[in-house]
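# Understanding the architecture of this molecule
What follows is each chain in one-letter form.
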Amino acid sequence: MPKVSMTVNGQPVSANVDPRTLLVQFLRENLSLTGTHVGCDTSQCGCCVVHVNGEALKSCTALAISLEGAQVTTIEGLAQDGKLHPMQEAFRENHGLQCGFCTPGMIMTAVDMVRRSGGDLDEKTIRHELEGNICRCTGYHNIVKAIAAGAAAMAPAAE
Amino acid sequence: MYAFTYHRPDTARKAVNTATKAEDVKFLAGGMTLLPTMKQRLAAPAGLIDLSRCDDMRGIELKGRNVVIGAMTRHFDVANSELVREKIPALAELAGMIGDPAVRHRGTIGGSVANNDPAADYPSAVLALGATIITNKRKIAADDYFKGLFETALEEGELITKISFPIPAKAAYEKFRNPASRYAIVGVFVAKKGRDVRVAVTGAGSNGVFRAAKFEAALTANFRPKGLDGLTFSADGLNTDMHADAEYRAHLITVMTRRAVQKAISR
Ligand SMILES: Cc1cc2nc3c(=O)[nH]c(=O)nc-3n(C[C@H](O)[C@H](O)[C@H](O)COP(=O)(O)OP(=O)(O)OC[C@H]3O[C@@H](n4cnc5c(N)ncnc54)[C@H](O)[C@@H]3O)c2cc1C
Ligand code: FES
Ligand code: FES
């Protein structure tokens, strides 16, 4: 089996993998990083969103081996020194989750959104940007609120 | 997903060499279509040739009166390209309407045009702008390229390296999207270059993307929504599925064309 090496949440990792191993399987099964979820496995729901080289992608639709050398950030990599990331904190504050299954993907997508569009996000932009993330519980209302608040809280940190 | 061997060449030429040598291989671009298809076992290639390291297949440049886009250029990069936004804003807008942000970070123009999904967006732009598909061995005019559902003029192992888009005088794309998949139920790309008007329709035809000749003639005479007054589109040969029936799609073609023309003339 070919070897793949990448950096996940700042840690160098490598493993021999079957080429068909998806990034999400690699994260969950090889690295035991089970915060990244699989909702649909067909690229629709966004539960599996992680950042690769700083950009959001659906880890159920990428081969681990393809990402040789990549910098990967998962939901586990957001909190720093035991302190929640501002976007995580905003989801908590605004009750932006119910069962929590979609939440890791929602938060990773939200952080990517702020990186691209800045901290001042209106509701229309947020809803539009959430096209690839599905939530079965909340009706999105509090997710949208949480993202707006999280974006504003992230703004001073973003350059 | 069945097992496969994995190849990762770093140039287009090496990719083609590998394809010629190995049996039953497929190119892997963004994987946004191919990987789900393999998971469903609708495709089971013996090998994948990953194009992600072929840097010579990426990038956007101005060549004379054409915008030339490398096959591995992602939807995200086309949507945000200063050059495309200035020269063919309709094309940048179209790329920004594909799927969702995560899909746009991976999916490529070459993958979309090679796949020729009957509801995909890019084929309408390629056809309406009269683009040229450049492969490792030849240049294919858009009018000769699309051959039906998921069918193209590409031969076994033939690699799209670039797509060259002539810059139009005016163009616009209007898409009536399926709210769940984001694919087009009907998408219409309208382009005017000199006196020539081309109208390409995606999402509607039971044989994939096509040109709407009757609308082209009317718009050549009068390139305004009014130019289409009194014209309707026949439902013959249009798709009926759970999302929309042929009559509804026929009606949408008229509405989307009018909107696209309005948008094109108001830029
Ligand atoms: C959730 C979701 C929503 C989407 N919504 C839309 C949408 O709204 N509109 C839309 O148009 N598309 C949509 N797509 C499809 C998306 O645009 C894909 O990116 C595209 O269809 C395929 O591009 P790819 O780079 O991922 O190709 P891949 O999936 O890697 O490849 C597709 C096919 O093309 C072949 N191929 C790839 N590159 C080349 C090349 N250079 N030369 C020859 N053959 C090649 C492959 O062998 C394969 O058969 C969506 C996809 C998803 C998952
Ligand atoms: S599990 Fe990846 S998009 Fe649903
Ligand atoms: S909180 Fe349950 S799926 Fe979103």
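Keep in mind that what you see is a predicted model, and the values were worked out from it rather than measured.

## Quick word on the interface of chain B and chain A
Put simply, an interface is often sized by how much accessible area is lost when its parts join up. Taken together, the 28 residues of chain B in the interface contact 24 residues of chain A. Overall, the association of chain B and chain A removes approximately 2300 Å² of surface from exposure, summing both partners, and the carbon and sulfur fraction of that is 55%. Considering only the surface of chain B that becomes buried against chain A, Lys 39, His 105 and Arg 106 of chain B emerge as the three largest contributors, covering 22% of it. The interface formed by chain B and chain A holds four salt bridges in total. A salt bridge links Arg 74 of chain B to Glu 55 of chain A; its shortest N-O distance comes to 2.7 Å. Counting across the chain B and chain A interface gives 12 residue pairs in polar contact (both at pLDDT 80 or more). Every element with two or more residues in the side of chain B that touches chain A is listed here: helix H2 (34-39), strand S3 (47-50) and helix H6 (101-104) of chain B. Taken together, the residues that form the side of chain B that touches chain A break down as 14 nonpolar, five polar and nine charged.

## What to know about the site of ligand 1
Residues and elements named next belong to chain B. Around ligand 1 there are 32 residues in total, and Phe 27, Leu 34, Thr 108, Asp 121 and Arg 182 lie nearest to it. Interatomic distance of 2.7 Å between a backbone N/O atom of Leu 34 and an oxygen atom of ligand 1. Contact between ligand 1 and Gly 99: an oxygen atom at 3.1 Å from a main-chain N or O atom of the residue. Protein coverage of the free-state accessible area of ligand 1, which is 970 Å², stands at 95%. Among the elements of the structure, strand S2 (25-28) and helix H7 (109-115) are those that each provide at least two residues to the shell around ligand 1. Per-element accounting of the shell around ligand 1 gives the leading share, four residues, to H7.

## Observations regarding the sheet that holds S2 of chain B
Residue and element names in this part refer to chain B. One open sheet accounts for three strands, arranged S1-S3-S2; its pairing is parallel. Both outer strands of the open sheet, strand S1 (5-7) and S2, are each paired with one neighbouring strand and no more. Adjacent strand axes in the sheet meet at a mean angle of 25° when their direction is disregarded. Where S2 lies against S3, four bridges are found, and the strand directions are parallel. Directly across from Leu 28, in S3, lies its bridge partner Asp 50.

## Thoughts on the domain arrangement of chain B
Residue and element names in this part refer to chain B. Per the domain assignment, the segments of chain B are domain 1 (5-166) and domain 2 (170-266). With centres defined by C-alpha atoms, the gap from domain 1 to domain 2 works out at 23 Å. If you look at the interface, domain 1 gives 27 residues, while domain 2 gives 22 residues. Summed over both sides, the interface between domain 1 and domain 2 buries roughly 2100 Å², with carbon and sulfur atoms accounting for 59% of that surface. Considering only the side of domain 1, the residues that lose the most area to domain 2 are Met 97, Leu 127 and Ala 128, jointly responsible for 25% of the buried surface there. Across the domain 1-domain 2 interface, the total number found is five salt bridges.

## Remarks on the domain arrangement of chain A
Residue and element names in this part refer to chain A. Split into domains, chain A comes out as domain 1 (3-77) and domain 2 (86-158). The partner domain 2 presents 15 residues to the 18 residues of domain 1 that form the contact. At the boundary of domain 1 with domain 2, total buried surface from both sides reaches about 1200 Å², with 62% on carbon and sulfur atoms. Viewed at the interface, domain 2 and domain 1 are joined by zero salt bridges. Our enumeration of links across domain 1 and domain 2 arrives at eight residue pairs in polar contact (both at pLDDT 80 or more). Those elements that provide at least two residues to the side of domain 1 that touches domain 2 are strand S3 (49-52) and strand S4 (55-58). The class makeup of the residues in the side of domain 1 that touches domain 2 is seven nonpolar, nine polar and two charged.

## Considerations on the packing of aromatic side chains
Residues and elements named next belong to chain B. Here the structure, examined in full by the defined rule, presents five aromatic pairs over all chains. Residues Tyr 145 and Phe 146 carry aromatic rings whose centres are separated by 4.9 Å and whose planes lie at 90° to one another, so their mutual orientation is edge-to-face. Put simply, the rings of Phe 210, Phe 215 and Phe 233 touch in pairs and so form one group of aromatic residues. Above the plane of the ring of Tyr 2 lies Arg 41, whose end atom (NZ or CZ) is 4.1 Å from the centre. We note Lys 192 situated over the ring of Phe 223; from NZ or CZ to the ring centre the distance is 5.8 Å.

## Re the nonpolar core
Taken as a class, soluble globular proteins show a tendency for nonpolar side chains to be buried jointly. Residue and element names in this part refer to chain B. Counting 52 residues, the largest nonpolar core has Leu 91, Val 113, Tyr 122, Val 126, Ile 163, Phe 165 and Phe 189 as its most contacted members. Two domains each put at least three residues into this core: domain 1 (5-166) and domain 2 (170-266). In contact with Val 113, other than residues within four places in its own chain, are Tyr 122, Val 126, Ile 133, Tyr 145, Phe 146, Thr 152, Ile 160 and Ile 163. Counting residues in hydrophobic clusters, the runner-up holds 27 residues, among them Val 199, Phe 210, Phe 215 and Ile 253.

## As for the sheet that holds strand S5 (residues 66-70) of chain B
Residue and element names in this part refer to chain B. Read across the sheet, five strands follow the order S4-S5-S10-S6-S7 without closing on themselves; strand pairing throughout is antiparallel. Each edge of the sheet is formed by a strand with only one pairing partner; in this case those strands are strand S4 (60-63) and strand S7 (139-141). With strand direction ignored, the average angle separating the axes of adjacent strands in the sheet is 25°. In this sheet, S5 lies alongside S4 in antiparallel orientation, the contact comprising four bridges. Residue pairing in the sheet places Ile 60 in a bridge with Ile 69 of S5.

## Focus: the packing of helix H2 (residues 86-93) of chain A against helix H5 (residues 141-154) of chain A
Residues and elements named next belong to chain A. The geometry of H2 relative to H5 is characterised by a closest axis approach of 8 Å and an angle of 140° between their N-to-C directions. At the point where H2 passes H5, the crossing takes the right-handed sense. Of the residues in H5, those touching H2 at Pro 86, Met 87, Ala 90 and Phe 91 are Ile 143, Ala 146, Ile 147, Ala 149, Gly 150, Ala 151, Ala 153 and Met 154.

About the thresholds
Residues numbered from 1 in each chain as written. Chains lettered and ligands numbered in written order. Predicted model: local features only at pLDDT ≥ 70, side-chain atom pairs only at ≥ 80, totals over all residues. Heavy atoms only, no water. Contact = heavy atoms within 4.5 Å. Buried area = accessible area lost by both parts, 1.4 Å probe. Salt bridge = Lys/Arg side-chain N within 4 Å of Asp/Glu carboxyl O. Polar contact = N/O pair within 3.5 Å; in protein donor to acceptor, adjacent residues only side chain to side chain. Helix = DSSP H or I, 4+ residues; strand = E, 2+ residues; numbered from the N terminus. Nonpolar A, V, L, I, M, F, W, Y, C, P; charged D, E, K, R; others polar. Near = heavy atom within 4 Å. Areas by Shrake-Rupley, 256 points an atom, 1.4 Å probe, with all protein chains shown as cover. Pairing = 2+ DSSP bridges. Axes fitted to C-alpha atoms, helices over the stretch in contact; angles between N-to-C directions. Domains from an automatic or database assignment. Phe/Tyr/Trp six-rings, centres within 6.5 Å; stacked < 30°, edge-to-face > 60°. Lys NZ or Arg CZ within 6 Å of the ring centre and 35° of its normal. Core = buried A, V, L, I, M, F, W, Y, C linked by side-chain atoms within 4.5 Å. Buried < 20%, exposed > 50% of the residue type's maximum accessible area, 1.4 Å probe, protein only. Left-handed = near helix turned anticlockwise from the far one by under 90°.

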